[in-house]
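# Chains, contacts and geometry: an overview
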Amino acid sequence: MINRLPIEIANILQASKKNPAQFEELIRSGGYLPPEMELMIDAITALSMGKNILLKGPTGAGKTKFAETLSNLFNQPMFSVNCSVDLDAESLLGFKTLAYKDEKQVIEFVPGPVINSMTHGYFLYIDEINMAKPETLPLINGVLDYRRTITNPFTNEVITAEDGFNVIAAINEGYVGTVPLNEALKNRFVVIEVPYIEGEQLKQLIETNTKLKDPRSIELFVKLSSDLINAVNQGKVAEDAASIRALLDACDLSVLIPPKRAILRSVVDKLDEEREREFVKNLADTLF
């Protein structure tokens, strides 16, 4: 990956790399292969300048893998928040608990992902950021802008982020349970559109990230993916049908079970509408 970066960007990345003394286990493994190298260049550039990035794209396009690869390239631990309607201040910031010190019972604060990433100067990944309740995320508005500070409501401590702290968020728009991201929040991010991986990049991804090694079968799965993406663009099936994550699952399963059954388990049975399920089954029938 680094060899494919322009020398100027590679130098910036090298200068921005961390040498963490804690949480090395949170440095992710990487493995994302961008359909366009500009995606990775732009993300590295933004993060190296202290900006937050919002990865925007269809489900299964590899947004989480993209974020994990950035963690790997910067050699930087990455704390994670998975958003839902149940996300609250404790899930973001931490909580108080009873503990014993010198045989006395005391109240201690256990930091959450936001506080941990700020105090250590590490990445914070917020997945499906538009799944959170609108009143929850404004808690961290000050974290996301130039102030880079937050007043911890549980301790009244004012925390300022250390150098290296950045937020990487991901968003799937238009899904059940999501809410539009308000402009004040969106303006705190540099937005990067993450499209589906196709063609040679997808072929390489299958070769390196699944157990499937048969060249002919890999070509057929790449063709299936292309047909599914075209069907999504034409409004024939939901985005879930073209999920790269689901396709990789099907590739793995096809090593031991027939490909059409692997596609049934990994792709078809996840779709809600019978019409869409039949469409994907017909595509699989023409290829396998």
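The preceding data block contains the structure.
Summary of the structure given here. Numbering of residues starts from 1 in every chain and runs along the sequence as written. With the structure being a predicted model, the display of local features is reserved for residues of pLDDT at least 70 and the display and counting of side-chain atom pairs for 80 or more, all residues being used for whole-chain, interface and lining totals. Side-chain measures were taken over the full set of non-hydrogen atoms in the model, leaving aside hydrogen atoms and water.

We now examine the layout of surface pockets. In this structure, the largest pocket encloses a volume near 230 Å³. Put simply, DSSP marks the helices as runs of H or I at least four residues long and the strands as runs of E at least two long, and each gets a number from the N terminus on. Listed by contribution, the elements that provide at least two residues to the lining of the largest pocket are α3 (63-73), α8 (199-209) and α10 (244-253). Polarity classes work like this: nonpolar for Ala, Val, Leu, Ile, Met, Phe, Trp, Tyr, Cys and Pro, charged for Asp, Glu, Lys and Arg, and polar for all others, with Gly in that last group. For the lining of the largest pocket, the class distribution of residues is 7 nonpolar, 5 polar and 3 charged. The pocket and cavity definitions rest on a 1 Å grid over protein atoms only: a 1.4 Å probe that fits but cannot leave marks a cavity, an open set with protein on both sides within 12 Å along at least five of seven lines marks a pocket, and residues lining either have an atom within 4 Å of a point. Grid points are joined across faces, edges and corners, and a volume is the space filled by probe spheres set on the points.

Across its 14 residues, helix α12 (residues 274-287) extends 20 Å between first and last C-alpha, which sits within 8% of the 20 Å expected from 1.5 Å per residue. To sort residues, take the accessible area from a 1.4 Å probe on protein chains only and compare it with the maximum for the residue type: under 20% means buried, over 50% means exposed, and anything in between is partly exposed. Considered for burial, the residues of α12 that qualify are Glu 276, Val 280, Leu 283, Ala 284 and Leu 287. Considered in projection along α12, the buried side chains sweep an arc of 95° and stay on one side of the axis. Between two residues, a contact is recorded if the distance between any of their heavy atoms is within 4.5 Å. Here the buried face of α12 lies against α9 (215-233) and α11 (259-266). Helices are assigned an expected span. That span is 1.5 Å times one less than the residue count. It is the directions from the helix axis to the C-beta atoms that the arc portrays.

Note on definitions: angles span 0 to 180 degrees between N-to-C directions of axes, and those axes are lines fitted to C-alpha atoms, for helices only across the stretch in contact. Across the interface, α10 lies against α11 with an axial gap of 8 Å and an inter-helix angle of 145°. For the element pair α10 and α11, the recorded crossing hand is right-handed. Contacts between α10 and α11 pair Ala 246, Asp 249, Ala 250 and Leu 253 from the former with Ala 262, Ile 263, Arg 265 and Ser 266 from the latter. Of the residues assigned to the contact of α10 with α11, the class counts are 5 nonpolar, 1 polar and 2 charged. In this scheme the crossing of two helices becomes right-handed for a clockwise turn of the near helix relative to the far one and left-handed for an anticlockwise turn of less than a right angle.

Moving on to unusual backbone geometry. With a phi close to 60°, Phe 23 is a non-glycine residue in the positive phi region. Counting through the fold element by element, Phe 23 comes out in the loop between α1 (7-16) and α2 (37-48). Judged by its relative accessible area of 22%, Phe 23 falls in the partly exposed class.

Any carboxyl oxygen of Asp or Glu within 4 Å of a side-chain nitrogen of Lys or Arg constitutes a salt bridge here. Throughout the structure, instances matching the rule amount to 12 salt bridges. Measuring nitrogen to oxygen at the nearest pair gives 2.8 Å for the salt bridge that ties Lys 223 to Asp 227. In this pair, Lys 223 and Asp 227 both sit in helix α9, 4 residues apart, roughly one turn of the helix. Given a relative accessible area of 41%, Lys 223 falls into the partly exposed group. By relative accessible area, which is 18% here, Asp 227 ends up buried. Note that Glu 278 and Lys 281 form a salt bridge whose closest N and O atoms lie 3.1 Å from each other. With Glu 278 and Lys 281 both in helix α12 and 3 residues apart, this pair spans about one turn of that helix. The exposure class assigned to Lys 281 is partly exposed, which follows from its relative accessible area of 30%. Linked through salt bridges whose partners overlap, the residues forming this network are Asp 145, Arg 147 and Arg 188.

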